[in-house]
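Observations on the three-dimensional arrangement
Residues per chain are reported as follows:
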Amino acid sequence: MASGGISADRFTGAHPARLELIDLSWGVGLGDPIVGPLSLAVEPGQMLALVGPNGAGKSSLLRCLYRYHRPSTGMVRLDGQDIWSLPGKAVARRIATVLQEQASDFGLTVAEIVELGLTPHRGGWGTDRGDYDSVEAVLDLMELTHLAPRDLATLSGGERQRVMIARALLQKPDLLILDEPTNHLDIRHQLEVLDLLGRLACTVIVSLHDLALASAHADRVLLLDGGRVAALGAPAEALTQSTIRAAFAVETLLDAHPATGRPRLSFYLPNQIQE
Ligand SMILES: Nc1ncnc2c1ncn2[C@@H]1O[C@H](COP(=O)(O)OP(=O)(O)OP(=O)(O)O)[C@@H](O)[C@H]1O
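Residues numbered from 1 in each chain as written. Predicted model: local features only at pLDDT ≥ 70, side-chain atom pairs only at ≥ 80, totals over all residues. Heavy atoms only, no water.

The name given to the protein in an unreviewed UniProt entry is ABC transporter ATP-binding protein, and the organism recorded there is Devosia ginsengisoli.

1. Focus: helix α9 (residues 241-248)
Residues that lie three or four places apart on an α-helix share one face, since the helix turns once every 3.6 residues. Residues of α9 that are buried: T243, I244 and A247. Projection of α9 onto a plane perpendicular to its axis shows the buried side chains occupying an angular sector of 95 degrees, all on one side. Of the surrounding elements, those touching the buried residues of α9 are α7 (211-217), β9 (220-225), β10 (228-233), α8 (235-238), β11 (251-256) and β12 (263-268). A positive backbone phi angle near 55 degrees is found at A249, which sits one or two residues after α9. (Buried < 20%, exposed > 50% of the residue type's maximum accessible area, 1.4 Å probe, protein only. Helix = DSSP H or I, 4+ residues; strand = E, 2+ residues; numbered from the N terminus. Arc of directions from axis to C-beta. Contact = heavy atoms within 4.5 Å.)

2. A short note on unusual backbone geometry
A negative phi angle characterises most non-glycine residues, just as the trans form characterises most peptide bonds. Of the consecutive residues G36 and P37, the connecting peptide bond is found in the cis state with omega at 5 degrees. Position of P37 among the secondary structure elements: in strand β2 (residues 35-42). Of note, the phi angle at D79 is positive, near 45 degrees, even though the residue is not glycine. Examined against the element boundaries, D79 turns out to sit in the loop between β4 (73-78) and β5 (81-82). The backbone of H184 sits at a positive phi, close to 80 degrees, despite the residue not being glycine. Looking at the secondary structure, you find H184 in the loop between β7 (175-179) and α6 (187-199). Take H184: its relative accessible area is 63%, and that puts it in the exposed class.

3. Considerations on the packing of aromatic side chains
Ring pairs (aromatic) are described by centroid distance and by the angle formed between their planes. Taken as a whole and judged by the stated rule, the model has one aromatic pair. The interplanar angle of 45 degrees and the centroid separation of 6.4 Å between the aromatic rings of Y66 and Y68 together place this pair among those described as tilted. Taking the ring centre of W84 as reference, the NZ or CZ of R67 above it sits at 4.5 Å. (Phe/Tyr/Trp six-rings, centres within 6.5 Å; stacked < 30°, edge-to-face > 60°. Lys NZ or Arg CZ within 6 Å of the ring centre and 35° of its normal.)

4. Observations concerning the site of the ligand
Lining the immediate environment of the ligand, one finds 13 residues, of which G55, G57, K58, S59 and S60 sit closest. Take N54: an N or O atom from its side chain is 3.0 Å from an oxygen atom of the ligand. Backbone polar atom of A56 to an oxygen atom of the ligand: 3.1 Å apart, as the coordinates give it. In the complex, 59% of the free accessible area of the ligand, which totals 640 Å², lies under the protein chains. Here the element with the most residues in the shell around the ligand is helix α1 (residues 58-65); it accounts for three residues. Considered class by class, the residues forming the shell around the ligand number five nonpolar, six polar and two charged. (Near = heavy atom within 4 Å. Polar contact = N/O pair within 3.5 Å; in protein donor to acceptor, adjacent residues only side chain to side chain. Areas by Shrake-Rupley, 256 points an atom, 1.4 Å probe, with all protein chains shown as cover. Nonpolar A, V, L, I, M, F, W, Y, C, P; charged D, E, K, R; others polar.)

5. A word on the pairing of β4
Both strand β1 (residues 19-26) and β4 contribute to a ladder of five bridges, which runs antiparallel. Pairing of I22 across the sheet is with M75, part of β4. As defined by bridge partners, β4 adjoins β5 across two bridges and the pair is classed as antiparallel. Counted as the bridge partner of L78 is Q81 from β5. A loop of two residues connects β4 with β5, the two strands running antiparallel in sequence, and D79 in this loop sits at a positive phi of about 45 degrees. (Pairing = 2+ DSSP bridges.)

6. Observations regarding the environment of N271
Positionally, N271 belongs in the segment after β12. Counting along the chain gives 176 residues from N271 to I95, while the straight-line C-alpha distance between them is 44 Å.

7. Quick look at the pattern of salt bridges
Opposite charge on two side chains allows them to pair when their charged atoms are near. With the rule as written, the count across this model stands at nine salt bridges. Ionic pairing is found between R18 and E43, a salt bridge with its closest N-O pair at 3.0 Å. Of the two residues, R18 sits in the segment before β1 while E43 sits in the loop between β2 and β3 (47-51), which places them 25 residues apart along the sequence. Given a relative accessible area of 29%, R18 falls into the partly exposed group. We classify E43 as partly exposed; its relative accessible area is 32%. Among the charged side chains, a salt-bridge network with shared partners connects R18, E20 and E43. (Salt bridge = Lys/Arg side-chain N within 4 Å of Asp/Glu carboxyl O.)

Right under this line is the structure:
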């Protein structure tokens, strides 16, 4: 985002993760699964955008990936190992999350919340000089320095979202999972967050409602519909007029962006066509 020549790589782990989903499904009770069964791999350092209509199963799938939901069938492998065979702490050291529901009323300041990102790597007590430097650097990167002493509960939605991203980055993850991180962000911050995610060396899996952002920034896009893979591939392969029409019942104007060369999408309802 900002500023100060801070490299985004400073905030990623040394071993970008390979994630593999093998016949993964998750559901509740005896009914049809809410997600899956699905199989796919995310290569180290790739950014995968997860898109799909409301209720498609995006958050449920992400919860399986960060070891919150135990799969009903199949498994999630982190660099070849079933994440449920690993100690929770080992997973927490490698995977950072930015989630939709964040408690914000526990009376901590912005700096204190961000500092929690150091927790998975701490052996003992205390904070050393290097830790303080990292906290300062990530606050600067996310344009939060001026908010550092503020109570988190007093921040705007967009400011709070940037705090949660800062905390996750401080964790130096090998895999960063974000559930709709652009919610509440103004357009500049949306673009900057997506640009930052694209520059991180770690593997990134991010759910997004904005197909245009997903298409403009992700290496690959997974279009989920009814819990199943409706399309998976490079943005131009996964997000076509027909896949978008089938999943969202909207029409798409699609061309190459003259400035960036990436796919450019805009949307309209079939009944909005001019006579
Ligand atoms: N624990 C649960 N028990 C019962 N149903 C659930 C549970 N969790 C999710 N669901 C249902 O599974 C479906 C998928 O939910 P999920 O939150 O994963 O979708 P989503 O794609 O993230 O949706 P949105 O875009 O609206 O955020 C929804 O119909 C939801 O009601």
